[in-house]
Amino acid sequence: MTATTALTAQNTKGVYGIHEVPVDFLRKQVDAVVEDVGVDVVKTGMLASTGTIEAVAQAIHDHKLKTLVIDPVMIATTGAKLLPDSASRALREKLLPLATILTPNVPEANTLLLDAGHDQRPVQTVADLEEIALGVQKLGSKWVLVKGGHSPFRRDGTEAKTEDEKEIVVNVLVGPVTEGTKRDADGEKKLQVVKIEMPYQRSRNTHGTGCSLASAIASNLAKGMDMVPAVKAGIRYVDTAIRTAPGLGQGNGPLNHFHSVKALPFSSGHFLDYLLERPDVAPVWDRYIHHPFVMAMGDGTLPRESFKGYLMQDYVYLIHYARANALASYKAKNIEDVAGSAAIVANCFREMNLHVQYCAGFGISKEQMEKTEELQGQSEDWFALQMALAPCLLGYGAIAKHLHASPNSKTGEDENLYWSWIANYVADDYVTAVKAGRELLERHAVLQSPRRIEELVGVFVHATKRFLWPGEIWNGEKERAELTR
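What counts, and at which threshold
- Residues numbered from 1 in each chain as written.
- Predicted model: local features only at pLDDT ≥ 70, side-chain atom pairs only at ≥ 80, totals over all residues.
- Heavy atoms only, no water.
- Helix = DSSP H or I, 4+ residues; strand = E, 2+ residues; numbered from the N terminus.
- Buried < 20%, exposed > 50% of the residue type's maximum accessible area, 1.4 Å probe, protein only.
- Core = buried A, V, L, I, M, F, W, Y, C linked by side-chain atoms within 4.5 Å.
- Contact = heavy atoms within 4.5 Å.
- Pairing = 2+ DSSP bridges.
- Phe/Tyr/Trp six-rings, centres within 6.5 Å; stacked < 30°, edge-to-face > 60°.
- Polar contact = N/O pair within 3.5 Å; in protein donor to acceptor, adjacent residues only side chain to side chain.
- Expected span 1.5 Å × (residues − 1).
- Axes fitted to C-alpha atoms, helices over the stretch in contact; angles between N-to-C directions.

Chemist: Where do I start with unusual backbone geometry in this structure?
Modeler: With a phi close to 55°, Lys64 is a non-glycine residue in the positive phi region. Mapped onto the elements of the fold, Lys64 is located in the loop between helix 2 (50–62) and strand 4 (68–70). Overall, Lys64 belongs to the exposed group, its relative accessible area being 60%. One non-glycine residue, Val73, adopts positive backbone phi at about 40°. By the secondary structure assignment, Val73 is in the loop between strand 4 and helix 3 (85–95). Accessibility expressed as a relative area gives 15% for Val73, which makes it buried.

Chemist: Honestly, the nonpolar core in this entry has me stumped. Any pointers?
Modeler: Side chains of a nonpolar character, in soluble globular proteins, are inclined to be buried together. By size, the foremost hydrophobic cluster in this structure holds 67 residues, and its most contacted members are Phe271, Phe307, Met387, Tyr396, Trp421 and Trp469. Residue contributions to this core peak at 15 residues, all from helix 14 (residues 382–405). Beyond its immediate chain neighbours, meaning those up to four positions away, Met387 contacts Phe271, Leu275, Leu441, Leu456, Val459 and Phe460. Core analysis: the second largest hydrophobic core is formed by 41 residues, Val30, Met74, Leu102 and Leu139 among them.

Chemist: Whenever I open this one, the pairing of strand 1 (residues 6–11) confuses me. Can you help?
Modeler: Each regular strand displays side chains that alternate between the two surfaces of the sheet. Pairing analysis gives six bridges linking strand 1 to strand 2 (residues 14–20), with the strands arranged antiparallel. Bridged to Leu7 within strand 2 is His19. Between strand 1 and strand 2, which pair antiparallel and follow one another directly, the connecting turn spans two residues.

Chemist: Which parts of the structure should I look at to understand the packing of aromatic side chains?
Modeler: Aromatic rings in a pair are described by how distant their centres are and how their planes are angled relative to each other. Counted according to the given criterion, the structure contains nine aromatic pairs. On the numbers, 4.6 Å between centres and 55° between planes, the contact of Trp421 with Tyr425 is tilted.

Chemist: Hey, could you run me through the pairing of strand 7 (residues 168–176) in this one?
Modeler: Within strand 7, nine of the nine residues are buried, leaving the element largely enclosed by the surrounding structure. For strand 6 (residues 143–146) and strand 7, the ladder comprises three bridges, and the chain directions are antiparallel. Bridge assignment links Val144 to a residue of strand 7, and that residue is Val174. In this sheet, strand 8 (residues 191–199) lies alongside strand 7 in antiparallel orientation, the contact comprising nine bridges. In the strand pairing of strand 8, Ile168 is matched with Pro199.

Chemist: Where do I start with the environment of Glu167 in this structure?
Modeler: Within the element layout of this structure, Glu167 appears in the loop between strand 6 and strand 7. The partly exposed category is assigned to Glu167, whose relative accessible area is 32%. A C-alpha to C-alpha distance of 47 Å links Glu167 and Leu275, two positions 108 residues apart in sequence. Beyond its immediate sequence surroundings of up to four residues, Glu167 is in contact with Phe153, Arg154, Arg155, Met198, Pro199 and Tyr200. Polar side-chain contacts of Glu167 include one of 2.7 Å to the backbone nitrogen of Arg155.

Chemist: How should I be thinking about helix 6 (residues 209–222) in this particular structure?
Modeler: Each turn of an α-helix holds 3.6 residues, which means side chains three or four residues apart point in the same direction. Taking 1.5 Å of rise per residue, 14 residues should cover 20 Å, and helix 6 covers 20 Å from first to last C-alpha, within 8% of that figure. Buried residues in helix 6 make contact with strand 3 (42–44), strand 4, strand 5 (101–102), strand 6 and helix 7 (227–243). Once helix 6 ends, the next one or two residues include Gly224, with phi positive near 100°.

Chemist: What's the story with the sheet that holds strand 6 in this structure? I'm lost.
Modeler: Strands pair in a sheet through their backbones, by hydrogen bonds, and they do so in one of two ways: parallel or antiparallel. Read from one edge of the open sheet, six strands run 3-4-5-6-7-8, paired in mixed fashion. Strand pairing shows two members of the sheet lacking a second neighbour, strand 3 and strand 8, which therefore form its edges. When strand 3 meets strand 4, the two strands line up parallel, connected through three bridges. Counterpart to Lys43 in the pairing with strand 4 is Val69. Helix-sheet contacts for helix 5 (residues 126–137) involve strand 5, strand 6, strand 7 and strand 8, and the interaxial angle to strand 7 is about 35°.

As structure tokens, then:
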């Protein structure tokens, strides 16, 4: 949630104007956010004036907000001054004592030291950065991170005097040794100094790096991370954001804040809709569920021997399908997935019993079916196996639903030898099993990467093509002729 303190007219080349939000309206924003959604961590950015700083400090005090990340935002990447000299004292006196961590760059850190009556310190070595960080930490903030992007070094930690010599950036974090108040022999709080070194990046795309880093640290703290790992993770996030920046604008371009965001090509709960409507899947799926073998079942013209062959193969397939889902149930990490796979196994058992009874009417014994060689097999990981099995689970339901409603189908067992097969797959128990299977696939699809989704789509297409209805699959008119001969 955001409370806007000021608006800027700016682009990648510079800041052309600042419009401060009236203090009373700013306070209304803060109150509205805190009193409704609540706040775990506060991160401040550009505050622009003494009045704004005082209002923010008062709001933090009134709402008893405990964790505060302050990005002082005094000097922009472009060099523009974003906080007037008159407000520096207010920042130092009003907000720094409340701060959990302060994140100045080197010019901002020196400005704060100068405002407090200390000498500015040039940065020639890593030790100079440490001294600056230790000095700023004494101004009141519990932790201080001095960002070293303005003062890159050579690899040996000495000052880089030319662009070619710039090899590393060192960020210095200073804070208490523990979350307690341990003190040394002189009564001073014990401090730790953590140096976080990153490769120097030759990039113009550094607009908003300070804001992004402070926001990343705040987000990590809100997730419960301790300070040192939260800062390290934030720095790495910004490092990657600079490296993968889109290169927009003519000046200092923005970062790529979405480098680690997984963008899936479907909305949560609609993976199967997306899958079956894809242009590389839809034709294959359509041929599968409207196969000549299927259509011949609907109108009752399917040769009896063709159906007998299918029944024997399907019985064996059901055994393997049940085993796969039983294994999936065992490997599942939550009870919903255990129950979903178990429901499919239970339905397989009922379906196999129906097969035994049904096949007896075609002169096929259980022993004959169990000796049938399986024509299909899959050797993939758990979710890929689920995708490979999905054409059967989903397809039978879609086929039976279509045939059951089709005006071209002959209905009733007296008119259609295969009507009981169709009725079985529109029955409540199978519909429930399909629902459970769909929910299982949807739950796990949103956990995959975009690349993995593409791989799983390939598995589904391959499995759909390999599903062997009796006869030469996908041979269209030739197969229709063979089935109706």
